[in-house]
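Spelled out from the first residue to the last, the chains are:
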Amino acid sequence: MKNDFQMIDVQKEYEQDLLDAQIIRERQEELNKQAYLRQQEEYMRQLQLQQEQNDEILRQNAQHFAAQMPSTWDVTAVSLNGNMDNTFAGNAIPVDPIVPRQVYDSHMTQMATAMHVLSGRKVLLVNTVCGTGSVGRLIAGLYKTLEDYGYECLAAYGRGEAPEGIRGYRIGTDMDMYIHGAMSRLYDRHGFYSMKATQDFVAMVKEYDPDIIHLHNLHGYYLNLDVLFSYLKKCGKKIIWTLHDCWSFTGHCSHFEYIGCQKWMTGCFKCEQLREYPKSFGVDSSSRNYEAKRRLFTGIENLTIVTPSEWLKDKVKQSFLMEYPVTVVPTGIDLTQFYPREEVMSEDNLIYRIKNHLSLRNKTILLGVANPWRDRKGLVQFEALAKTLDDRYAIILVGLNEKQIKALPENIIGLSRTDSTEELACLYSMADIYVNLTLEDTFPTTNIEALACGTPVITYKAGGSPESIDDTCGESVDRNSIQGIVAAIDKIQSLKGECYTQQMCLRRAQLYSKEYRFLEYIQHVYEAL
């Protein structure tokens, strides 16, 4: 009997120990939660402080700008459209930061501390390429930032190779891509081939078992949408889909502003852009594609859409994707490569050599950059602009092919594409004004690259192109308005040294710091899931 009572006492003590341990764990969890909430509150306080200081500096710039402003300027006119692949992604070193360094560093520390709570989660990034092109560089940069803050990452891509240091998975082979492309040219069913490659990819995803699947460009002849989205609808994963164009909610094209098409709002048919990417020379399957995308892309739980511009967000909210939450995270630029370069009287100095070689002394230099150049990217617009300007001006276009260079009028200087960011930075720095006559674009980074080199920007009001500038660093003009562009050039030149200064351009460019935008991506998209 005595032993029985002892056993009962031991059992009670054991149960009490378990209860005490549970209470301790709950208290510790509550303390951890309170600490996390305090970190979040401090982060929000720092963010608010930063925003107030940003607003004050921009207000002062605007006051200075207004004080110097002439009473009348005609910077308006007609309309048109623009720019599909300004792929020269860029960078900038600010001379006079828009955010005080101590506030910026504190903000980054608070954000990183808050994100540490989420470390250890597995992320799968999916895009046509990894490490090349503007979106491919975004993938590589986001991968490394996620990894720095404790996430485990895998990048899946459809062509090329991943850069060193990035764990990658190639979806399909070159032959798969060629077959997909050829069939798309014949039957206009881009995104509905590569079945075996996509089945293998889905099998890999199931084995990897990510917490978050982050989609980017799904076009590019490497995925089967039926197979992929059949899995996504059942997987129960958190899904982010960053849209870089309009392909996800049209029956064929990736951009439609150039021709003013509105069919995507209700249902595509008789597509007017079959010869545009993704090209088709056979039947028109735009109606069938549209209905298939609507069926596949809607009704997915835990899907968040991200766009680089308010313009694209607005289009998404008018499309069949309207059911999903949309967050805007503008594309970031690398602030260590694109920054103002100075001319030095030496043959070793690139700007000095270019000016001498192209006879640009005492000229007002207007620069345009694109790859590739087409009418919708503004090539014809520049030819019209050249006819209105006298010999005080020099127009330089970068990214042309040999045929286009030979066909240019005498008063336009054509240069072929360069992959050297140093050369691009020198060209941006050398220019008096960067002119972007794009007629359709989502969010061209060339505007920010020019600002990062201290050069003011003039752009058409096309897509998200005007969103990267304000009245202190550039002008936006109605599409197809050459007289509006000329008036904007005159305006900026007349106020040279007083408004549209290098400092104002650099301050604006710093808002698009690549590091800041990557952290914003994680804080406002990943952590919000």
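Residues numbered from 1 in each chain as written. Predicted model: local features only at pLDDT ≥ 70, side-chain atom pairs only at ≥ 80, totals over all residues. Heavy atoms only, no water.

A. View of the overall build of the protein. Looking only at helices and strands, the protein features 16 helices and 13 strands. Burial status across the protein gives 54% buried among its 529 residues. Contacts in the protein between residues at least 24 apart in sequence constitute 73% of all its contacts with a sequence separation of at least 6. Per element, the accessible surface of the protein, about 23,700 Å² overall, is 51% carbon and sulfur. (Helix = DSSP H or I, 4+ residues; strand = E, 2+ residues; numbered from the N terminus. Buried < 20%, exposed > 50% of the residue type's maximum accessible area, 1.4 Å probe, protein only. Contact = heavy atoms within 4.5 Å. Areas by Shrake-Rupley, 256 points an atom, 1.4 Å probe, with all protein chains shown as cover.)

B. Structural context of the sheet that holds strand S12 (residues 457-460). Strand order in the open sheet formed by 6 strands is S10-S9-S8-S11-S12-S13, with parallel pairing between adjacent strands. Each edge of the open sheet is held by one strand with a lone partner, namely strand S10 (412-415) and strand S13 (474-477). Ignoring strand direction, the axes of neighbouring strands in this sheet form an average angle of 20°. Sheet strands in contact with helix H10 (residues 379-388) are strand S8 (364-369), strand S9 (393-398), S10, strand S11 (433-436) and S12, and its direction is about 165° off that of S9. (Pairing = 2+ DSSP bridges. Axes fitted to C-alpha atoms, helices over the stretch in contact; angles between N-to-C directions.)

C. Structural context of the packing of helix H3 (residues 133-148) against helix H16 (residues 514-526). Direction vectors running N to C along H3 and H16 enclose 70°, while the axes themselves pass 9 Å from each other. Taken as axis vectors, H3 and H16 run roughly perpendicular relative to one another. Residues Leu-138, Gly-141, Leu-142, Thr-145 and Leu-146 of H3 touch H16, and the partners they reach there are Phe-518, Leu-519, Tyr-521, Ile-522 and Tyr-526. (Parallel < 35°, antiparallel > 145°, perpendicular 65-115°, else oblique.)

D. Spatial organisation of the pattern of salt bridges. The tally for this structure, following the rule as stated, stands at 22 salt bridges. Taking the shortest distance from any N to any O, the salt bridge between Asp-209 and Lys-237 comes out at 2.3 Å. Here the residue Asp-209 occupies a position in the loop between helix H5 (195-208) and strand S4 (212-215), and Lys-237 occupies one in the loop between helix H6 (225-235) and strand S5 (238-242), the gap between them amounting to 28 residues. What makes Asp-209 partly exposed here is its relative accessible area of 42%. Measuring nitrogen to oxygen at the nearest pair gives 3.8 Å for the salt bridge that ties Glu-272 to Lys-263. On the basis of relative accessibility, which here comes to 18%, the residue Lys-263 falls in the buried class. Shared partners join several salt bridges into a network, and the residues in it are Glu-276, Arg-374, Arg-376 and Glu-440. (Salt bridge = Lys/Arg side-chain N within 4 Å of Asp/Glu carboxyl O.)

E. View of the confidence of the model for the protein. Of the residues in the protein, 78% reach a pLDDT of 70 or more, and the chain-wide mean stands at 84. When the criterion is pLDDT under 50, residues 68-107 qualifies, and its contacts beyond four places in sequence or with other chains add up to 156 contacts. (pLDDT = per-residue confidence, 0-100.)

F. Quick peek at helix H15 (residues 502-510). Within H15, 7 of the 9 residues are buried, which leaves the element mostly enclosed by the surrounding structure. Those residues of H15 not exposed but buried are Met-504, Cys-505, Leu-506, Arg-507, Arg-508, Ala-509 and Gln-510.

G. Representation of the sheet that holds strand S6 (residues 303-307) in the model. An order of S3-S2-S1-S4-S5-S6-S7 is seen for the 7 strands of this open sheet, with the pairing classed as parallel. In this open sheet, the two strands that pair with only one neighbour each are strand S3 (168-170) and strand S7 (326-328). Taking the axes of each pair of neighbouring strands and ignoring which way they run, one obtains an average angle of 20° across the sheet. Packed onto the sheet, H5 meets strand S1 (122-127), strand S2 (152-157), S3 and S4 and runs at close to 165° relative to S1.

H. Expanded view of the packing of aromatic side chains. In this structure the tally under the stated criterion is 14 aromatic pairs. A ring pair is formed by Tyr-221 and Tyr-277, whose centres lie 6.2 Å apart and whose planes are at 80°; its orientation type is edge-to-face. Here Tyr-221 is found in the loop between S4 and H6, whereas its partner Tyr-277 is found in the loop between S5 and helix H7 (286-297), with 56 residues between them in sequence. An aromatic cluster is defined as three or more aromatic residues linked by ring pairs; in this entry it consists of Phe-229, Trp-241 and Phe-297. Of note, Lys-122 hangs over the ring of Tyr-208, and the distance from its end group to the ring centre comes to 4.5 Å. (Phe/Tyr/Trp six-rings, centres within 6.5 Å; stacked < 30°, edge-to-face > 60°. Lys NZ or Arg CZ within 6 Å of the ring centre and 35° of its normal.)

I. Up close: the environment of Ser-184. Of note, Ser-184 is situated in helix H4 (residues 174-187). C-alpha of Ser-184 to C-alpha of Gly-282: the two residues are 98 residues apart in sequence and 8.7 Å apart in space. If sequence neighbours within four positions are ignored, Ser-184 has contacts with Arg-189, His-190, Tyr-193, Tyr-221, Lys-279 and Ser-280. Engagement of the side chain of Ser-184 in a polar contact is seen with the backbone oxygen of His-180, the distance being 2.8 Å. (Polar contact = N/O pair within 3.5 Å; in protein donor to acceptor, adjacent residues only side chain to side chain.)

J. A look at unusual backbone geometry. Residue Tyr-277 is joined to Pro-278 through a cis peptide bond whose omega torsion reads -5°. Relative to the assigned elements, Pro-278 resides in the loop between S5 and H7. Along the chain, Asn-371 connects to Pro-372 via a cis peptide bond; the corresponding omega equals -5°. With phi around 50°, Ser-194 is a residue other than glycine that occupies positive phi space. Mapped onto the fold, Ser-194 is located in the loop between H4 and H5. On the accessibility criterion, Ser-194 (13% relative accessible area) is buried.

K. How the structure looks around the nonpolar core. Core analysis: the largest hydrophobic core is formed by 49 residues, its most contacted members being Val-126, Phe-201, Leu-218, Phe-229 and Phe-249. Among the elements that take part in this core, H6 stands out by supplying 7 residues, more than any other. If near-sequence neighbours (up to four positions away) are discounted, Phe-229 is found in contact with Leu-215, Leu-218, Trp-241, Leu-296, Phe-297 and Ile-300. By size, the runner-up hydrophobic cluster in this structure holds 34 residues, among which are Leu-335, Val-369, Met-430 and Ala-452. (Core = buried A, V, L, I, M, F, W, Y, C linked by side-chain atoms within 4.5 Å.)

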